[in-house]
Amino acid sequence: MPEPLGKEVEIHCFVDANHAGDKVTRHSQTGILIFCNRAPILFLSKRQNLVETLTFGSEFTAMKQAIELIKSLRYKLRMFGIPIEGPANIYCDNEAVYKNVAIPSSVSSKKMHSISYHFCQEEVAAGIVRIAKEDAATNLVDLFTKVLAKLKRDELLDRFMY
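1. Some words on the side chain of E134
Position of E134 relative to the elements: it lies in the loop between β5 (129–133) and α4 (142–145). Within the buried set, E134 has no salt-bridge partner at all; the shortest N-O distance to an opposite charge, 4.5 Å, is to R159. Only 2.6 Å separates the side chain of E134 from the side chain of T138, close enough to count as a polar contact. If we ignore the near neighbours within four places in the chain, the residues touching E134 are F14, Y91, C92, D93, N139 and R159.

2. Overview of the environment of C36
On the secondary structure map, C36 appears in strand β2 (residues 29–36). A relative accessible area of 14% places C36 in the buried class. In the structure, C36 is positioned 48 residues away from I84 in sequence and 9.6 Å away in space, judged by C-alpha atoms.

3. Some remarks on the packing of helix α1 (residues 55–79) against helix α3 (residues 114–125)
α3 packs onto α1 with a crossing angle of 40° between their chain directions and a minimal axis gap of 9 Å. One element, α1, and the other, α3, form an angle in the oblique class. Both α1 and α3 take part in a crossing whose hand is left-handed. Contacts between α1 and α3 involve F60, M63, K64, I67, E68 and K71 on the former and, on the latter, S116, Y117, F119, C120 and E123. Here the residues of the contact of α1 with α3 sort into six nonpolar, one polar and four charged.

4. What about a nonpolar patch on the surface?
Judged by side-chain polarity, M1, Y75 and M79 come together as a nonpolar surface patch covering roughly 360 Å² of accessible area. Tracing the chain through its elements places M1 in the segment before β1 (11–18). The exposed category is assigned to M1, whose relative accessible area is 71%.

5. What to know about the packing of aromatic side chains
Using the criterion set out here, one finds six aromatic pairs in the structure. Summarising the aromatic geometry, the rings of F14 and F35 are spaced 6.1 Å apart at their centres and angled 75° between planes, so their arrangement reads as edge-to-face. Taken together, the residues span a long stretch of sequence, with F14 in strand β1 and F35 in strand β2 at a distance of 21 residues. Exposure remark for F14: the relative accessible area of 9% places this residue in the buried category. Accessibility expressed as a relative area gives 6% for F35, which makes it buried. With 6.3 Å between their ring centres and 65° between their planes, F60 and Y117 make a pair best called edge-to-face. In this pair, F60 is assigned in helix α1 and Y117 in helix α3, connecting sequence segments 57 residues apart. In this pair, the class of F60 matches that of Y117, namely buried. Among the aromatic residues, those joined into a ring-pair cluster are F14, F35, Y91 and F160. Over the face of the ring belonging to F119 we find K64, whose NZ or CZ atom lies 5.7 Å from the ring centre.

6. Points about the side chain of S116
For S116, the position within the fold is in helix α3. What S116 contacts, discounting residues up to four positions off in sequence, is F60 and K64.

7. A word on the sheet that holds β1
Strand order in the open sheet formed by five strands is β3-β2-β1-β4-β5, and the pairing between neighbours is mixed. Here the strands that pair on one side only, and so sit at the sheet edges, are β3 (39–47) and β5. Between one strand axis and the next, the sheet turns through 20° on average, direction left out of account. Along the sheet, α1 makes contact with β1, β2, β3, β4 (88–92) and β5, crossing β1 at roughly 155°.

The rules we used
- Residues numbered from 1 in each chain as written.
- Predicted model: local features only at pLDDT ≥ 70, side-chain atom pairs only at ≥ 80, totals over all residues.
- Heavy atoms only, no water.
- Helix = DSSP H or I, 4+ residues; strand = E, 2+ residues; numbered from the N terminus.
- Buried < 20%, exposed > 50% of the residue type's maximum accessible area, 1.4 Å probe, protein only.
- Lys, Arg positive; Asp, Glu negative; His and termini not counted.
- Salt bridge = Lys/Arg side-chain N within 4 Å of Asp/Glu carboxyl O.
- Polar contact = N/O pair within 3.5 Å; in protein donor to acceptor, adjacent residues only side chain to side chain.
- Contact = heavy atoms within 4.5 Å.
- Axes fitted to C-alpha atoms, helices over the stretch in contact; angles between N-to-C directions.
- Parallel < 35°, antiparallel > 145°, perpendicular 65-115°, else oblique.
- Left-handed = near helix turned anticlockwise from the far one by under 90°.
- Nonpolar A, V, L, I, M, F, W, Y, C, P; charged D, E, K, R; others polar.
- Patch = residues over 30% accessible without salt bridge, like charges linked within 9 Å, V, L, I, M, F, W, Y side chains within 5 Å.
- Areas by Shrake-Rupley, 256 points an atom, 1.4 Å probe, with all protein chains shown as cover.
- Phe/Tyr/Trp six-rings, centres within 6.5 Å; stacked < 30°, edge-to-face > 60°.
- Lys NZ or Arg CZ within 6 Å of the ring centre and 35° of its normal.
- Pairing = 2+ DSSP bridges.

Written as structure tokens, this is what we have:
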């Protein structure tokens, strides 16, 4: 691995899922927006492969996918010799997912989500990511998961577009 040179980079990620947003198939839509420092460098808006019966499940699937993308980005940055400042910050608007991942003593009682749960918990424990609660009204990734009114869309775009 190359010697890290230059200024450290902070990684921030907004993640959300629109549960059963597809009116025909009822598949959920995952939205992920990743920033290096203040620059948006990666976004993802993708239909989930499976139909989830609970919002919790679709949000957890989106969280797992976001962490996988962050791990990949961290590795690429390190291979370029770019130092990374601390764990990546992930902002999620679902209270249940936030509590299940961020609080180490919480236990997932849902067997079907246990793989995503344990994967996310391990990454938090390893110091690769840290999870924070983002208010649903200010979650930037809503741009990629929901149909928004023009005023709301412009407000969210103005927060990170120059």
